[in-house]
Amino acid sequence: RNFPGLRRFPGVLQLECMAQASGLGVGAGIADEGRIGVLAGIEGARFYRPVRPGDQLRIEAEIVGLRRGFGKAQAKILCEGETVAQATITFALVSREEFQKAPR
């Protein structure tokens, strides 16, 4: 839905920020294994208030599981200490070779 004259930071870009932050954490947890995390899913995404131009955001992600070929993180975005969005981000853990062979 479009709201002319009301500028907001789109929710899909907020999800991207949370996925990127989570991916860094998952990557750090598996760096020595020769694997990488590939976004597999987003669950329970919640948006509590609009994010507007000029808002300073803090993105936090906590890795809550790495097992059976998957990684999971709880991520949230804060603005002035208030949670404005949160989601559970899931990654498939694949070998670098497998990732490079995948069709694009």
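Quick caveat, the model's predicted, so the values are computed rather than measured.

So, about helix H1 (residues 11–30). Given a rise of 1.5 Å per residue, 20 residues ought to cover 28 Å, and the 28 Å separating the end C-alpha atoms of H1 matches this to within 8%. For H1, the complete set of buried residues consists of Gln14, Leu15, Met18, Ala19, Ser22, Val26 and Ile30. One face of H1 carries all of its buried residues, which in axial projection span an arc of 130°. Relative to its buried face, H1 has exposed residues pointing more than 90 degrees away, namely Leu24 and Ala28. Buried positions along H1 lie against strand S1 (35–47), strand S2 (57–67), strand S3 (70–79) and strand S4 (82–95).

Attention shifts here to the sheet that holds S3. Pairing is antiparallel in the open sheet, where 4 strands are placed in the order S1-S4-S3-S2. Each edge of the open sheet carries a strand with a single partner, namely S1 and S2. With direction set aside, neighbouring strand axes in the sheet form an average angle of 25°. Pairing geometry for S2 and S3, over 10 bridges, is antiparallel. Across the sheet, arginine 67 pairs through a bridge with phenylalanine 70, a residue of S3. The strands touched by H1 within the sheet are S1, S2, S3 and S4, with S4 carrying the most contacts at an inclination of about 50°.

Rules used in this analysis
Residues numbered from 1 in each chain as written. Predicted model: local features only at pLDDT ≥ 70, side-chain atom pairs only at ≥ 80, totals over all residues. Heavy atoms only, no water. Helix = DSSP H or I, 4+ residues; strand = E, 2+ residues; numbered from the N terminus. Expected span 1.5 Å × (residues − 1). Buried < 20%, exposed > 50% of the residue type's maximum accessible area, 1.4 Å probe, protein only. Arc of directions from axis to C-beta. Contact = heavy atoms within 4.5 Å. Pairing = 2+ DSSP bridges. Axes fitted to C-alpha atoms, helices over the stretch in contact; angles between N-to-C directions.

Any functional reading would require information beyond the geometric quantities listed.
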